[in-house]
Number of protein chains: 2
Amino acid sequence: MIYGLHPQNSRTFIVVRIMYIMLNNVFKYILLDLYEHFIVIFLLIFVLFIKYDNLINQRTMIIFSVNMQNIFKTLRSKSYSVPCEFCSIGSLCIPILLNNKLDNILDRKMSYAKDEIIVKANTPFTKFYIIHSGALKTFVTTPDNNQQINGFYLPGDIVGLDSISTKIYNNNIQSLTNTLVCELYYDELMSLVDTQKNVRDMVFNLLSSSINNYQKLVLCYSQKKADERLATFIYSLYRHYEQRGHSSLNIKLMMSRADIANYLGLKIETISRNLSKLQEKNILSVRGKYIFIKNLNALIDLGN
Amino acid sequence: MIYGLHPQNSRTFIVVRIMYIMLNNVFKYILLDLYEHFIVIFLLIFVLFIKYDNLINQRTMIIFSVNMQNIFKTLRSKSYSVPCEFCSIGSLCIPILLNNKLDNILDRKMSYAKDEIIVKANTPFTKFYIIHSGALKTFVTTPDNNQQINGFYLPGDIVGLDSISTKIYNNNIQSLTNTLVCELYYDELMSLVDTQKNVRDMVFNLLSSSINNYQKLVLCYSQKKADERLATFIYSLYRHYEQRGHSSLNIKLMMSRADIANYLGLKIETISRNLSKLQEKNILSVRGKYIFIKNLNALIDLGN
DNA sequence: CGGGCTCTTGAGACGAATCAACTAGCGTGG
DNA sequence: CCACGCTAGTTGATTCGTCTCAAGAGCCCG
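So, how was this worked out
- Numbering of residues starts from 1 in each chain and follows the order in which that chain's sequence is written.
- A letter from A marks each chain and a number from 1 marks each ligand, given out in the order of writing.
- Only residues with pLDDT of at least 70 are given local features in this predicted model, and only at 80 or more are side-chain atom pairs given and counted; all residues enter the totals for whole chains, interfaces and linings.
- Processing note: side-chain calculations cover all non-hydrogen atoms of the structure and skip hydrogens and water entirely.
- Helix and strand assignments follow DSSP, with helices taken as H or I runs no shorter than four residues and strands as E runs no shorter than two, numbered in order from the N terminus.
- Burial status follows relative accessibility: with a 1.4 Å probe on protein chains alone, a residue under 20% of its type maximum counts as buried, one over 50% as exposed, and anything between as partly exposed.
- Contacts between residues were defined by any pair of non-hydrogen atoms, one from each residue, lying within 4.5 Å.
- Residue burial considers only the protein chains on display, and all accessible areas are found by Shrake-Rupley using a 1.4 Å probe.
- Helix axes are fitted to C-alpha atoms over the stretch in contact, other axes to C-alpha atoms as well, and angles between N-to-C directions run from 0 to 180 degrees.
- Oblique is the label for every angle not falling under 35 degrees (roughly parallel), over 145 degrees (roughly antiparallel), or within 65 to 115 degrees (roughly perpendicular).
- Take the far helix as the reference: if the near one is turned anticlockwise from it by less than a right angle, the crossing is left-handed, and if turned clockwise, right-handed.
- Note that Gly is not counted as nonpolar here; it falls among the polar residues with everything else outside the nonpolar set of Ala, Val, Leu, Ile, Met, Phe, Trp, Tyr, Cys and Pro and the charged set of Asp, Glu, Lys and Arg.
- Centre distance within 6.5 Å is the pairing criterion for rings of Phe, Tyr and Trp, where only the six-membered ring of Trp is used; planes under 30 degrees apart are then read as stacked, over 60 as edge-to-face, and the remainder as tilted.
- Each of two parts loses accessible area, computed with a 1.4 Å probe, when they are put together; buried area is these two losses added.
- What makes a salt bridge here is a side-chain nitrogen of Lys or Arg within 4 Å of a carboxyl oxygen of Asp or Glu, nothing more.
- Whether a residue is near a molecule or strand is decided by its heavy atoms; if any one of them lies within 4 Å of it, the residue is near.
- Here a polar contact means two N or O atoms within 3.5 Å. Within protein one must be a hydrogen donor candidate and the other an acceptor candidate, and residues neighboring in sequence count only if both atoms are side-chain atoms.
- For the least-squares superposition of copies, only C-alpha atoms count, and only for residues with pLDDT at least 70 in both.
- Each pair of strands is called paired provided DSSP finds at least two bridges between the two strands.
- Note that the arc is defined by the directions from the helix axis to the C-beta atoms.

**Overview of the overall build of chain A**
If you tally the helices and strands in chain A, you get twelve helices and eleven strands. Per-residue burial over chain A gives 54% buried out of 304 residues. Residue pairs at least 24 apart in sequence account for 73% of intrachain contacts in chain A once pairs closer than 6 positions are excluded. If you sum the accessible surface of chain A, you get close to 14,200 Å²; carbon and sulfur atoms cover 56% of it.

The structure is reproduced here in structure tokens:
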């Protein structure tokens, strides 16, 4: 449990959580450089808080130091976790339904390191993965041994819907950063579907909207040029964060250029060139993995 | 009720149906030219049958003549209908479940002429369409007023799964030939989902395998060249017919070159050129809308 | 038989891939 | 703390594949 936010003490945990959400919401429109300074200020406040908290003892101190490191890391990478109510599962979170105690929800979360293979393709399908924080990608390996990414998954997303019919995982699932996922067993979900109408409707909606997304992706592939595809991709990231309650013009790309290129059916050089092109057009400001959307409407227009 | 197979008299209908299915199954391996002759023989037998059927009166005669025209048309285009047990809905056909009488099933079928718009995009979603015979396409119209096809649907397929989450039809649905569809109301299906486990599982499988198909399509788009895409497309048609109990190396393209091009994200000239290329390689034999697969393995290899 | 389609084939234009060189960012170890 | 190497990312020159434009062939239908 070195990775991820996982203190044993639930009171201190809540404080961490509140400040964390605050930071994500209050500062979401602040530019990259400013952002860095605020993190320092935040950490100072945080250290003071620890100093005067009478709960502190040797053991929690160690936990805090571990957490602080993680929080710092997380903030630096501007990764985020969705509060459970913004999850694609929404208020119907299975752990919550099964057992309404917070501790139990936390116990359901599994932690994975960067680049860890979570699931290998063609292994038996038993459970879905719902991302709490971090990011995943799914991909298949083609006969000529290179990979084809067919989805990026961000906090709140559910992975594995395509496996219901095949009973095996059709894709490899791999973490892009340190990632916390909730596991959701298919059988458990089905028993809830039978007893609760809202769960049934939710699952149908998830499946249906997944089909919808793929239809849009197909449309993107089949008639858009490289720059249009890239614009669509970046806008879809923006939309995704927005829908999960993190609307910000600052976007951190969790995936490498190579992954983006692979996903969009282009080559890495083309991505690079077109990012520069969008920057020249004053639509984006790119700095490594960070993108700032300078002209959202132009971005939307370009992506059609 | 001019189009489609829709006699009022169920005894005569059954005979038509049996002969129709016979023809589809007995002659499925026979080449195009031979096929034409058998249709003539079949029609002669059919006329004799009518002559000595004591049920005939003025009214049924008219119905028959209408139907004969349609049957002739249908056979000439080598269209086919799936017996209900090969439908994607399978043995769980809702009309059958709701009311086990044949007449009632027939009443559920709606008939559409070639190129008829069955559903306009963005209209309220109430029911799925399951194809009995013929073919449909679904497409969206882009802002610059040209269409993007995102699916062809053949007998046994269900259309509209993506609309569950949006509550509106996301695509226009248009018939490619004269088409018979079974209508399936969403509410009816949901009430069956709640009461019958096998229906529930079927619906989940349908949704999940639809996601699966789109994943494969995305893979096809993002890293295959024109000839590979075309090979994949033709093989997928072959597989589709095979799964519905009509395995034949003779394939009739229900859609125009323009539709194929649009669907595969290519231009009509590229389709034409690559069909010629596949013919030169002795993989296919193309004659207008008819394709004969000369080398199935080579086709599969090319499509990866 | 001609008019309107769809489909095929050819020549040149354009966009993305490829190959190659170079730069920036990052962690590692001295 | 800096030098080092490694990887990720950028930029340029050339090649290759598909699109575009254009003309002609085949087919259905009145």
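**Let's talk about the packing of helix α9 (residues 226–243) of chain A against helix α10 (residues 257–264) of chain A**
Residue and element names in this part refer to chain A. Where α9 meets α10, the closest approach of the two axes is 11 Å, and the angle between their N-to-C directions is 110°. The pairing of α9 with α10 is recorded here as roughly perpendicular in orientation. Our pair here, α9 against α10, has a crossing hand that is right-handed. Facing Arg229, Leu230 and Phe233 of α9, the residues of α10 in contact are Ile260, Tyr263 and Leu264. The residue makeup of the contact of α9 with α10, split by class, is five nonpolar, no polar and one charged.

**Considering the packing of aromatic side chains**
Residues and elements named next belong to chain A. By the definition in use, this model includes 20 aromatic pairs over all chains. When the ring of Phe125 is compared with that of Tyr186, the centres are 5.5 Å apart and the planes differ by 55°; the resulting orientation is tilted. Placement of Phe125 in the loop between β2 (117–119) and β3 (127–133) and of Tyr186 in helix α7 (residues 186–195) is noted, with a sequence separation of 61 residues between them. Across the pair, exposure class does not vary: Phe125 and Tyr186 are buried alike.

**Examining the interface of chain A and chain B**
Chain A puts 39 residues into the contact, and the matching count from chain B is 39 residues. Carbon and sulfur atoms make up 60% of the area that chain A and chain B hide from each other, which totals about 3,500 Å². Looking only at chain A, the three residues that lose the most surface to chain B are A:Phe204, A:Ile211 and A:Gln215, adding up to 19% of its buried area. Seen at the junction of chain A and chain B, the total is four salt bridges.

**As for the protein's contact with DNA strand D**
Close contacts around DNA strand D come from 15 residues, with A:Arg257, A:Ser272, A:Ser276, B:Ala226 and B:Thr270 the closest. A share of 65% of the atoms of DNA strand D within 4 Å of the protein falls on sugar and phosphate groups. A:Arg273 has a polar side-chain atom sitting 2.9 Å from a base nitrogen of DNA strand D. Sorting the residues of the surface near DNA strand D by element identifies α11 (268–280) of chain A together with α11 (268–280) of chain B as the ones contributing at least two each. For the surface near DNA strand D, the element with the most residues is α11(A), which contributes four residues. A class-by-class count of the residues in the surface near DNA strand D yields two nonpolar, five polar and eight charged.

**Some remarks on the protein's contact with DNA strand C**
For DNA strand C, the set of nearby residues contains 16 residues, the closest of which are A:Ala226, A:Thr270, B:Ser272, B:Arg273 and B:Ser276. Residue A:Ala226 places a main-chain N or O atom 2.8 Å away from a phosphate oxygen belonging to DNA strand C. B:Arg273 is positioned such that a nitrogen or oxygen atom in its side chain is 2.8 Å from a base nitrogen of DNA strand C. If you list the elements that add at least two residues to the surface near DNA strand C, you get α11 of chain A together with α10 (257–264) and α11 of chain B. Along the lines of polarity and charge, the residues of the surface near DNA strand C split into three nonpolar, five polar and eight charged.

**Points about the relation of the copies chain A and chain B**
Relative to chain B, chain A is turned by 180° and slid 0.0 Å along the rotation axis, the superposed coordinates differing by an RMSD of 0.0 Å. Expressed as an axis order, the relation between the two copies is that of a two-fold axis. Residue A:Ile211 of chain A places its C-alpha closer to the rotation axis than any other residue of that unit, at 2.7 Å.

**Description of the environment of A:Ile149**
Residue and element names in this part refer to chain A. Relative to the helices and strands, Ile149 resides in strand β5 (residues 147–153). Taking the C-alpha atoms as reference, Ile149 lies 5.1 Å from Tyr263; in sequence the two are 114 residues apart. Setting aside residues up to four positions removed in sequence, Ile149 forms contacts with Lys137, Thr138, Phe139, Asp259, Asn262 and Tyr263.

**Notes on the pattern of salt bridges**
All names here are of chain A. The tally for this structure, following the rule as stated, stands at 16 salt bridges over all chains. The partner of Asp157 in a salt bridge is Arg244, with the nearest N and O atoms 2.8 Å apart. One end of the pair, Asp157, is in the loop between β5 and β6 (158–159); the other, Arg244, is in the loop between α9 and β9 (250–252), with 87 residues separating them in the sequence. The class for Asp157 is buried, based on a relative accessible area of 7%.

**Re the sheet that holds strand β1 (residues 109–112) of chain B**
Residue and element names in this part refer to chain B. The sheet built from four strands is open, its strands ordered β1-β8-β3-β6 with antiparallel pairing. Every other strand in the sheet has two partners, leaving β1 and β6 (158–159) as the edge strands with one partner each. Across six bridges, strand β3 (residues 127–133) lies against strand β8 (residues 179–185) in antiparallel orientation. Counted as the bridge partner of Lys127 is Tyr185 from β8. Across the face of the sheet, helix α7 (residues 186–195) comes into contact with β3 and β8 while running at roughly 55° to β8.

**Description of the sheet that holds strand β11 (residues 290–293) of chain B**
All names here are of chain B. Reading across from one edge, β9-β11-β10 is the order of the three strands in this open sheet, with antiparallel pairing throughout. Taken across any chain shown, the strands that pair with only one partner, and hence form the sheet edges, are β9 (250–252) and β10 (284–287). Along the sheet, successive strands turn relative to each other by an average axial angle of 20°, direction set aside. Looking at chain direction, β9 and β11 are connected through three bridges and run antiparallel. Residue pairing in the sheet places Asn250 in a bridge with Phe292 of β11. Against the sheet, helix α9 (residues 226–243) touches β9, β10 and β11, its axis set at about 100° to β9.

**Here we look at α7(B)**
All names here are of chain B. Within the span of α7, buried status applies to Tyr186, Leu189, Met190, Leu192 and Val193. Along the axis of α7, the buried residues cluster in a sector spanning 160°; they form a single face. In α7, the exposed residues that point more than 90 degrees away from the buried face are Asp187 and Thr195.

**Comments concerning the environment of B:Phe152**
All names here are of chain B. Take Phe152: it is sitting in strand β5 (residues 147–153). Residue Phe152 is classed as buried on the basis of its relative accessible area, which comes to 13%. Each C-alpha atom, one on Phe152 and one on Ser175, is 9.7 Å from the other, the two residues being 23 residues apart in sequence. Excluding its chain neighbours within four sequence positions, the residues that come into contact with Phe152 are Leu136, Lys137, Asp157, Leu176, Phe233, Met255, Asp259, Ile260 and Tyr263.

**Regarding the pairing of β11(B)**
Residues and elements named next belong to chain B. Bridge count for β10 against β11 is four bridges, and the pairing is antiparallel. The residue of β11 that forms the bridge with Ser285 is Phe292. Here β10 folds back onto β11, and the loop between the two strands holds two residues, one of which, Gly288, carries a positive phi near 60°.

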